[in-house]
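# What the coordinates show
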Amino acid sequence: VTLTQAAGQADPTNSSSIEFTLSANEPLTAGTVTTSDFTATNGTVASVTGTGTSFTVTVTATSQAAVTLAPSGTFGVSDPAGNQTTTAGGTDRSVTYDATPATLTLAQAVGQADPTNGASIQFTLSSNEGLDGASITAADFTISGGGTPTITGSGSAWTITTTASGDGAVTIAPSGSFSINDVAGNAATTAGGSDRSVTYDTTAPTTTLQQAGGQAD
């Protein structure tokens with residue numbers, strides 16, 4: 001028999017109900033597969049369901065951490081002929097439970113000149129954990145003094161690039177619909193950060209060269 005993370009089980013997940021699968025190369029007697037056959041870390045074994053060669057072991061997470069499942073010290077499952085197996089193969093027996101949204105910071109990008117005469121202006125969205133890139137869109141940001149941004153990056157670091165529309169301050173802020181998910185699906189609806197403005201200046205200075213004040217002549 002083999003004990004592993006269930007097919008289709010999200011990992012990490014923000015659901016406290018986590019599934020593992022016990023599979024066999026021949027049918028097992030259902031009555032011999034019970035919750036006492038398993039031991040969980042950072043969770044409790046809630047139920048065992050299934051028939052034949054496949055059983056689902058559901059664990060309820062009790063901590064935001066790696067929830068693992070292993071055969072217990074009394075593990076013993078039998079086939080209909082009464083042959084008992086007391087060990088189980090399988091290596092992927094851990095699922096991370098994460099129900100806390102990411103902590104986000106939105107700010108001027110490191111290395112962004114300010115003021116600048118370059119129309120392409122960059123800001124950075126950084127996080128304390130990996131983010132779901134598909135949930136980061138231009139609609140998450142309100143930009144003043146610039147156009148619709150492009151977004152690039154991966155994991156916990158993302159760059160928001162906008163093109164200045166004219167001389168003056170180019171600013172960014174979370175929009176009213178700001179909502180960005182971590183990889184477990186938890187939505188963050190706020191972002192910290194204070195340095196969110198870059199001055200765009202393409203106007204050459206006006207200079208005057210003349211005799212100094214007080215210069216005898």
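Residues numbered from 1 in each chain as written. Predicted model: local features only at pLDDT ≥ 70, side-chain atom pairs only at ≥ 80, totals over all residues. Heavy atoms only, no water.

With that settled, consider the pairing of strand β4 (residues 43-51). Direction of pairing for β4 relative to strand β5 (residues 54-61): antiparallel, over a ladder of eight bridges. In the strand pairing of β5, Ser47 is matched with Thr58. The turn linking β4 back onto β5 is made up of two residues, and Gly52 within it adopts a positive phi angle of 65 degrees. (Pairing = 2+ DSSP bridges. Helix = DSSP H or I, 4+ residues; strand = E, 2+ residues; numbered from the N terminus.)

Now for the sheet that holds strand β18 (residues 197-200). Pairing is antiparallel in the open sheet, where three strands are placed in the order β12-β15-β18. With one partner strand each, in any of the chains shown, β12 (141-144) and β18 form the two edges of the open sheet. Pairs of neighbouring strands in the sheet enclose a mean axial angle of 15 degrees, with direction left out of account. In the sheet, strand β15 (residues 168-174) pairs with β18 via four bridges, with the strands oriented antiparallel. (Axes fitted to C-alpha atoms, helices over the stretch in contact; angles between N-to-C directions.)

In this section: the sheet that holds strand β3 (residues 38-41). If you trace the three strands from one edge of the open sheet to the other, you get β3-β6-β9, paired in antiparallel fashion. Edge positions in the sheet fall to β3 and β9 (94-96), since each of these pairs with one other strand and no more. For this sheet, the mean angle separating the axes of adjacent strands, direction not counted, is 20 degrees. Here β3 runs beside strand β6 (residues 66-71); their pairing, made up of four bridges, is antiparallel. Bridging across to β6, Thr41 finds its partner in Thr68.

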